[in-house]
Structure formats: C-alpha cells, structure tokens
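Here is what each chain is made of, one letter per residue.
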Amino acid sequence: MNEIARWTTPSITYKPEAVAIENIDEIFLVVKTGGKEILRKVKAEATVSTSGFTWFFEQTDTAKFSDTIQVQVDYTSGVTRYTTVPKTYRVTESAINEVI
C-alpha cells in the first residue's frame, strides 16, 4: 500500500492510457475518505508533461487526510468520460503536525 504523511507536500502523477494526454479536455483528481470527497484538484492545478498530469499537495491539503484515503481520477475527451480504479493510500503522521 502506498503512503502519504499528513502535513507534507507530496505529488501524485497520473498518465491516461485510454486517451493521449493532449486529447484530455477535463481531468479531476479526487481524494476521498470513507466514501466522502475531501479534496478535488482540476486540470488547471496540474503540471502536464509527457509523464502525465501531476498534482502537488499543500501542507493544508494533506492535513485533511485521515488513516486511509482513496485517490481516483476522472477525465473526459470529447463526449467520452473515463474513470480509474481508486488507489488506496495509508496516511501516516509527521513529526510536526502543523504547517511549517
């Protein structure tokens, strides 16, 4: 299982397989805990490269995370909508539990 520490600034990269990166109209990275959405990042917040879409988290973003989170990506190309299988991350604590 992947891990993310609270109060840190990690990133998540997703590279679509069904559609070329340049053909993605909209893309969303959604973080849920217990089935409830706690964070959503959009295409404008991503860094786009040949490796895919990379979203960076701020310390205040990861402070919202609980014991486990599920990360899922939805995207559109034209009139077709795609989704990914949710990926689970174990959330660990930082040594200092505040913004530094």
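Remember, predicted model here, so these are calculated numbers, not experimental data. (Residues numbered from 1 in each chain as written. Predicted model: local features only at pLDDT ≥ 70, side-chain atom pairs only at ≥ 80, totals over all residues. Heavy atoms only, no water.)

Enquirer: Would you mind going over the overall build of the chain with me for this structure?
Expert: Within the chain, the secondary structure is distributed over one helix and nine strands. Listing each helix as α and each strand as β along the chain from the N terminus yields β-β-β-β-β-β-α-β-β-β. Rg of the C-alpha trace for the chain: 14 Å, near the compact-globule value of 13 Å for 100 residues, within the 12% margin. When its C-alpha atoms are laid out on the principal axes, the chain stretches across 45 × 25 × 20 Å. In the chain, buried positions account for 38% of the 100 residues. Restricting to contacts in the chain with at least 6 residues of sequence separation, those with at least 24 account for 66%. When the accessible surface of the chain is summed, it comes to about 6,000 Å², and 50% of that surface belongs to carbon and sulfur atoms. For the chain, the separation between the mean place of its 11 positive charges and that of its 13 negative charges on side chains is 3 Å. (Helix = DSSP H or I, 4+ residues; strand = E, 2+ residues; numbered from the N terminus. Rg over C-alpha atoms; globule rule 2.2 N^0.38 Å. Buried < 20%, exposed > 50% of the residue type's maximum accessible area, 1.4 Å probe, protein only. Contact = heavy atoms within 4.5 Å. Areas by Shrake-Rupley, 256 points an atom, 1.4 Å probe, with all protein chains shown as cover. Lys, Arg positive; Asp, Glu negative; His and termini not counted. Charge placed at Lys NZ, Arg CZ, Asp CG, Glu CD.)

Enquirer: What am I meant to see in the side chain of Asp-61 here?
Expert: Mapped onto the secondary structure, Asp-61 falls in helix α1 (residues 59-62). One polar contact links Asp-61 to Lys-41, side chain to side chain, over a distance of 3.2 Å. When near neighbours in sequence (up to four residues on either side) are disregarded, Asp-61 contacts Leu-39, Lys-41 and Phe-56. (Polar contact = N/O pair within 3.5 Å; in protein donor to acceptor, adjacent residues only side chain to side chain.)

Enquirer: Would you explain unusual backbone geometry in this entry?
Expert: Peptide bonds are mostly trans, and most non-glycine residues show a negative phi. At Trp-7, a position not held by glycine, the phi torsion is positive, near 65°. Among the secondary structure elements, Trp-7 is positioned in the loop between β1 (2-5) and β2 (11-14).

Enquirer: What am I meant to see in the pattern of salt bridges here?
Expert: Pairs can form between side chains of opposite charge once their charged atoms are near each other. Tallying each qualifying case throughout the model produces six salt bridges. The salt bridge partner of Glu-3 is Arg-90, with a shortest N-O separation of 2.3 Å. Within this pair, whereas Glu-3 is found in strand β1, its partner Arg-90 is found in strand β9 (residues 87-92), the two being separated by 87 residues in sequence. Among the ionic pairs, Arg-6 bridges to Glu-93, the shortest N-O distance being 3.1 Å. Of this pair, Arg-6 sits in the loop between β1 and β2 while Glu-93 sits in the segment after β9, placing them 87 residues apart in sequence. You can call Arg-6 buried: its relative accessible area is 17%. (Salt bridge = Lys/Arg side-chain N within 4 Å of Asp/Glu carboxyl O.)

Enquirer: Is there a simple way to think about the pairing of strand β8 (residues 80-83) in this case?
Expert: Within a regular strand, the side chains alternate between the two sheet faces. Note: strand β7 (residues 68-77) against β8, four bridges, orientation antiparallel. The partner of Asp-74 across the bridge, within β8, is Thr-83. (Pairing = 2+ DSSP bridges.)

Enquirer: Is there a simple way to explain the environment of Pro-16 in this structure?
Expert: Note on placement: Pro-16 falls in the loop between β2 and β3 (26-33). Along the chain, Pro-16 and Ser-51 lie 35 residues apart, while their C-alpha atoms are 9.6 Å from each other. Beyond its immediate sequence surroundings of up to four residues, Pro-16 is in contact with Ile-21, Ile-24, Phe-53 and Tyr-75.

Don't take any of this as a statement about function, it's just geometry.
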